[in-house]
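Letter by letter, the chains look like this.
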Amino acid sequence: MKVLCLTLMSMMTLAHVAQANIASVGTIEIGGVPLCAGFVSGPSEVTTAWHCVSIFRPEDRAGISFVNQVGQRSRYESTLQVDEDRDLIVMRMSGAENLPALESNSTVTSDRIVALGWDGTDSRKLVPIALKLVQSNSSGMIQYELPSLRIASGSPLIQGESILGVHLGRSQNKGDHGKSLGEGVSFNPGDFPRELNSRYLSGNLLPDSDVFCVKTVLGLVTITAACAAGIGGLSVACVVAPPSCPVMAASVAAVAKLCGVGMGALGAAVIACAVKN
């Protein structure tokens, strides 16, 4: 009964926070595919986990967007701050200038925090998830028990009505009774930039599926372009040299078959990522 009451209290707190700041939290999307969570941390600023966008060069980040929970879309404009040690990035987003920023407070006042994640029904709708805080040390690392629902990387970790930190991933460490632990980092805009000589986190984060999903989308786009170029080139060769058409036709059929298999496999992976996320 005590556990139930604490869980209900956490849910009620988050419901209040989410309703008051519904325009301040949302999904980070690449090419329209929701992959991570993010939040408005300042005027025109959106913060998320660095690993969510780290595979993109600065000049290739134009496809990044932030869609808040009322459907307002903001588009990537520039990178303001990156802290690779703490796995955080702050981006300037066009369209976010009038969105309210969430307040941060890195002082722990309770062992109950809330995060945002997916329940598998809507890839753009983030749901509140109650968490039990396990530890928060002086270096800023935060660990907490993970529930069955998937927490979105880059989700704010909310305590009361303020941000305690940012969720980064699953830890290889285990909690009491073998429970899985999540790992995050405290968030304070004043901490940027922070120079560290060693890895800020424990080094035990498991690979996140977010990056795999991004690479899968990019792979599908690449193979589609390559197949179109290959088939187009063979077709042009047939027009330029008609005697070669029978050979070219067979080659087009073979290329199309291979492309169909590759695009089908990657397409299925993209759909699986979208459904899971």
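Model, not experiment: these values are computed from the prediction.

Peer 1: Whenever I open this one, the overall build of the protein chain confuses me. Can you help?
Peer 2: Each helix and strand counted, the protein chain has three helices and 13 strands in total. Counting only residues that meet the buried cut, the protein chain has 42% of its 277 residues in that class. For the protein chain, long-range pairs separated by at least 24 residues make up 63% of all intrachain contacts whose partners lie at least 6 apart in sequence. Accessible surface computed for the protein chain: about 13400 Å², of which carbon and sulfur atoms make up 59%.

Peer 1: Help me understand the packing of aromatic side chains, please; the structure alone is not making it clear to me.
Peer 2: The geometry of an aromatic ring pair is captured by two quantities: the separation of the ring centres and the angle between the planes. By the definition in use, this model includes one aromatic pair. Relative to F187, the ring of F39 has its centre 5.3 Å away and its plane inclined at 90 degrees; by these criteria the two rings are edge-to-face. You can see F39 sitting in strand 2 (residues 33-42) and its partner F187 sitting in the loop between strand 13 (180-186) and helix 2 (209-240), a full 148 residues away along the chain. Looking at F187, the relative accessible area reads 2%, which means it is buried.

Peer 1: Teacher, can you tell me more about unusual backbone geometry here?
Peer 2: Note: most peptide bonds trans; most residues except glycine with negative phi. Phi angles above zero are rare outside glycine, and S44 is one such case at about 65 degrees. Relative to the assigned elements, S44 resides in the loop between strand 2 and strand 3 (45-49). Even without a glycine there, the phi angle at D87 is positive, about 60 degrees. When you line up the elements, D87 lands in the loop between strand 5 (73-83) and strand 6 (88-94). By relative accessible area, D87 is classed as buried at 5%.

Peer 1: What is the right way to read the state of the cysteines from this model?
Peer 2: In a disulfide, the sulfur atoms of two cysteines are held together by a covalent bond. This structure, assessed with the given rule, holds one disulfide. Covalent S-S linkage joins C36 and C52, the inter-sulfur distance amounting to 2.1 Å. Judged by the sign of its S-S torsion, about -95 degrees, the cystine formed by C36 and C52 is left-handed. One end of the pair, C36, is in strand 2; the other, C52, is in the loop between strand 3 and strand 4 (64-68), with 16 residues separating them in the sequence. Assigned by exposure class, C36 and C52 land together as buried.

Peer 1: Teacher, can you tell me more about the pairing of strand 5 here?
Peer 2: Within a regular strand, side chains alternate between the sheet's two faces. Sheet analysis places strand 4 next to strand 5, joined by three bridges and oriented antiparallel. Residue pairing across strands places V67 opposite R73, the latter belonging to strand 5. Between strand 4 and strand 5, which pair antiparallel and follow one another directly, the connecting turn spans four residues, one of which, G71, has a positive phi of 90 degrees. Where strand 5 lies against strand 6, seven bridges are found, and the strand directions are antiparallel. Across the sheet, residue Y76 finds its bridge partner in strand 6, namely M93. Linking strand 5 back to strand 6 in an antiparallel pair, the connection comprises four residues, with D87 at a positive phi of about 60 degrees.

Peer 1: So what exactly am I meant to see when it comes to the pattern of salt bridges here?
Peer 2: Side-chain pairs of opposite charge can arise whenever the charged atoms involved come near each other. Per the stated rule, a full pass over the model turns up three salt bridges. With its nearest N and O atoms 3.3 Å apart, the salt bridge here joins E29 to R73. Of the two residues, E29 sits in strand 1 (residues 25-30) while R73 sits in strand 5, which places them 44 residues apart along the sequence. A relative accessible area of 33% means that R73 is categorised as partly exposed. The closest approach of N and O atoms between D83 and R86, which form a salt bridge, is 3.7 Å. On the basis of relative accessibility, which here comes to 0%, the residue R86 falls in the buried class.

Peer 1: Please clarify how the confidence of the model for the protein chain should be interpreted in this entry.
Peer 2: Any residue range with low pLDDT should be treated as having predicted coordinates unsuitable for detailed reading. Overall, the prediction assigns the protein chain a mean pLDDT of 74, with 62% of residues at 70 or greater. Of all helices and strands in the protein chain, the one with the weakest mean pLDDT is helix 1 (residues 2-20) (50), whereas strand 3 scores best (94). Low pLDDT (under 50) marks residues 194-209, which in the prediction has 41 contacts with non-local residues, meaning those over four places away or in another chain.

Calculation rules
- Residues numbered from 1 in each chain as written.
- Predicted model: local features only at pLDDT ≥ 70, side-chain atom pairs only at ≥ 80, totals over all residues.
- Heavy atoms only, no water.
- Helix = DSSP H or I, 4+ residues; strand = E, 2+ residues; numbered from the N terminus.
- Buried < 20%, exposed > 50% of the residue type's maximum accessible area, 1.4 Å probe, protein only.
- Contact = heavy atoms within 4.5 Å.
- Areas by Shrake-Rupley, 256 points an atom, 1.4 Å probe, with all protein chains shown as cover.
- Phe/Tyr/Trp six-rings, centres within 6.5 Å; stacked < 30°, edge-to-face > 60°.
- Disulfide = S-S within 2.5 Å.
- Pairing = 2+ DSSP bridges.
- Salt bridge = Lys/Arg side-chain N within 4 Å of Asp/Glu carboxyl O.
- pLDDT = per-residue confidence, 0-100.

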